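Analysis of the macromolecular model
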Amino acid sequence: MAYRAVKGMNDILPPEIELWQQLESAFVRAAHLYGFAEVRTPLVEPTELFVRSIGEVTDVVQKEMYTFERHHDSLTLRPEGTASCVRAYVQHSMHAKDPVTRWYYMGPMYRAERPQRGRYRQFYQAGCEIFGDPGPTCDSELIAMLVGLFQQLGISDLRVALNSIGGAESRARYRQALLDFLRPLASQLSEESQRRLEENPLRVLDSKAPRDQELTADAPSTLDALTSEDRGHFDEICTQLSALQVPYEISTRLVRGLDYYSRTLFEVQSNSGELGAQNAIAGGGRYDGLVKRLGGPDVPSIGFAMGLERILLAMGNRPVTSEPFVFVAPLGAACVREALVMAQQIRAAGFRVELDGRDNSLKSKLRRANSSGATLAIVFGEAELESGKVQLKDLAGHSQSDVARDAIAAEVAARLSASPDAARADQSGGGQ
Ligand code: AMP
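If you're wondering where the values come from, they're calculated on a predicted model, not measured in any experiment.

Moving on, we get to the overall build of the chain. Tallying secondary structure elements over the chain gives 17 helices and 16 strands in all. Overall, the C-alpha framework of the chain stretches about 90 × 55 × 45 Å when taken along its three principal axes. Looking at the chain as a whole, 50% of its 432 residues qualify as buried. A separation of at least 24 residues holds for 71% of the contacts in the chain among residues at least 6 apart in sequence. Computing the positive centroid from 48 side-chain charges and the negative centroid from 56, the chain places the two 4 Å apart.

One open sheet accounts for three strands, arranged 2-4-3; its pairing is antiparallel. Each end of this open sheet is capped by a strand with a single partner; those strands are strand 2 (44–46) and strand 3 (67–70). For this sheet, the mean inter-axis angle between neighbouring strands, taken without regard to orientation, is 40°. Those strands touched by helix 2 (residues 47–54) are strand 2, strand 3 and strand 4 (73–77), and its axis lies near 75° from that of strand 2.

Let us now look at helix 13 (residues 333–348). Between its first and last C-alpha, helix 13 extends 23 Å over 16 residues, near the 22 Å set by a 1.5 Å rise per residue. Cys335, Ala339, Met342, Ala343 and Ile346 are the residues of helix 13 that are buried. Along helix 13, the residues classed as buried sweep out an arc of 105° about the axis, all on the same side. Across helix 13 from its buried face, at more than 90 degrees, point the exposed residues Arg337, Gln344 and Ala348. For helix 13, the secondary structure elements touched by its buried residues are strand 12 (325–330), strand 13 (352–355), strand 14 (376–380), helix 15 (382–386), strand 15 (389–394) and helix 16 (408–418).

A few words on the pattern of salt bridges. All chains considered together, the criterion is met by 25 salt bridges. With a closest N to O distance of 2.8 Å, arginine 40 and glutamate 38 form a salt bridge. With a relative accessible area of 71%, arginine 40 lands in the exposed category. With a shortest N-O distance of 2.6 Å, arginine 263 and aspartate 230 are connected by a salt bridge.

Assigned domains of the chain: these are domain 1 (16–167 + 227–315) and domain 2 (325–428). For domain 1 and domain 2, the distance between their C-alpha centroids amounts to 46 Å.

With that out of the way, let us pick up the packing of helix 1 (residues 14–33) against helix 6 (residues 137–152). The contact between helix 1 and helix 6 brings their axes to 11 Å, and the two run at 145°. As for how helix 1 packs across helix 6, the hand of that crossing is right-handed. On helix 6, the residues that touch Ala26, Phe27, Ala30 and Ala31 of helix 1 are Met145, Leu149 and Gln152. For the contact of helix 1 with helix 6, the residue count by class is six nonpolar, one polar and no charged.

What follows covers helix 16. Within the sequence span of helix 16, burial applies to Ile408, Ala409, Val412, Ala413 and Leu416. For helix 16, the arc enclosing every buried residue in end-on projection is 130°, short of the 170-degree limit, so these residues lie on one face. Away from its buried face by more than 90 degrees, helix 16 exposes Ala410 and Ala418.

Ranked by size, the top nonpolar core spans 94 residues in total, and within it Phe27, Phe131, Phe150, Leu153, Phe304, Met306 and Ile311 carry the most contacts. The greatest single-element share of this core, amounting to nine residues, is contributed by helix 6. Once residues lying within four places of it in the same chain are set aside, the contact partners of phenylalanine 27 are Tyr104, Tyr105, Met106, Ala126, Gly127, Cys128, Met145, Leu149, Phe304 and Met306. One finds Ala339, Val353, Leu376 and Val390 within the second-largest nonpolar core, a separate group that totals 20 residues.

With that settled, consider the packing of aromatic side chains. By the definition in use, this model includes five aromatic pairs. Pairing tyrosine 89 with phenylalanine 131 gives two aromatic rings, centres 4.2 Å apart and planes at 15°, and the pair type is stacked. With tyrosine 89 in helix 4 (residues 82–91) and phenylalanine 131 in strand 6 (residues 122–131), the pair connects residues that are 42 residues apart, well separated along the chain. Overall, the relative accessible area of 0% leaves tyrosine 89 in the buried class. What makes phenylalanine 131 buried here is its relative accessible area of 0%. One aromatic cluster is present, formed by Tyr89, Trp103 and Phe131 through successive ring pairs. Positioned over the ring face of phenylalanine 36 is arginine 102, at 4.7 Å from the centre of the ring.

Parameters and conventions
Residues numbered from 1 in each chain as written. Predicted model: local features only at pLDDT ≥ 70, side-chain atom pairs only at ≥ 80, totals over all residues. Heavy atoms only, no water. Helix = DSSP H or I, 4+ residues; strand = E, 2+ residues; numbered from the N terminus. Buried < 20%, exposed > 50% of the residue type's maximum accessible area, 1.4 Å probe, protein only. Contact = heavy atoms within 4.5 Å. Lys, Arg positive; Asp, Glu negative; His and termini not counted. Charge placed at Lys NZ, Arg CZ, Asp CG, Glu CD. Pairing = 2+ DSSP bridges. Axes fitted to C-alpha atoms, helices over the stretch in contact; angles between N-to-C directions. Expected span 1.5 Å × (residues − 1). Arc of directions from axis to C-beta. Salt bridge = Lys/Arg side-chain N within 4 Å of Asp/Glu carboxyl O. Domains from an automatic or database assignment. Left-handed = near helix turned anticlockwise from the far one by under 90°. Nonpolar A, V, L, I, M, F, W, Y, C, P; charged D, E, K, R; others polar. Core = buried A, V, L, I, M, F, W, Y, C linked by side-chain atoms within 4.5 Å. Phe/Tyr/Trp six-rings, centres within 6.5 Å; stacked < 30°, edge-to-face > 60°. Lys NZ or Arg CZ within 6 Å of the ring centre and 35° of its normal.

Structure representation (structure tokens):
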């Protein structure tokens, strides 16, 4: 029986990878412009790290983690990036090196969710974290950075939802107000929400069940429970986003499931491209108490994570223009040796070369050259080589000419630089 990839975990093959690389380099470029440096942490962490940070009463911890035992330790494949960043921040005493640390990361995350379009069991996230700055300026900057990046990637129909659940005092006040509102309705709520009610009532607002949504339509607003400091922080973000002309909507139902959030919460959604029901392309918030909770000093922090697969769906998986290249098709052993040298020369000039050194017919080499997407093909047999010439074919224009062997590298370089694809590939290179 042939093996298949694990359900919900996907291979990403070369034709798709080009789009991935464009997205990744656009993100890296944006992160760099905003002063973030990359951090790489292990894919596996102690299970306890996620239980403590994400929270025991969350879907991620209760149902979705890939956990296993090794050498009497309980280990888990990371379901998200923030906990690992905080662990690394504390472990390496980063606070003592610089009062403000700005990190970004990128890589696969693992959650045993029910797979569907835009929801996978291995998925890629890119994210940023800022430690040591209480905001609100960095809160606004993170949101502006995300929106700018998505606009640059051509994602239309963006919606930025913004809310604040405040710090510990506001949160306790809100929790009580919400419990007072929900308890009389308890018996009408879905079973899942009834269970959440006493454990983590904020999560009832996250329920997707239509009946729960109807019942909670008039739930108290998180903003009404904010202390004046928390309210001032939130209002300043709104003012700054307006000054930056970043459109946003205040969404007092946005509470997000994880335990570690405080104050600012945001989510970016899009209905563009091929995104289906899973339309949240990025989410984040402030987690001022988390560094301390994980054994570090009392350092305020904020971050976001964006889902790369969903962003690609929102981009409509548009094909990217690839860099123009040349296909070299030598016929016969002596020509293959000469072609090796020729390919080196062209690559040294900075151009991509695909060399077909197989011992097969001219016809099959040309068929492959045509289907490869190459702009040019160099074809030569022993007779041509003896006369010091090779044939240069323009595969798009269906024309051909004889070029002196000694002049071929320069001729190819000139033609590929002038190719319209080259201009487009340069513009989109790195997504800048
Ligand atoms: P979260 O860590 O749950 O706040 O998610 C942040 C972002 O990661 C979401 O907005 C999605 O874009 C993406 N994401 C979360 N879970 C999945 C998943 N199972 N499959 C694909 N993308 C996901």
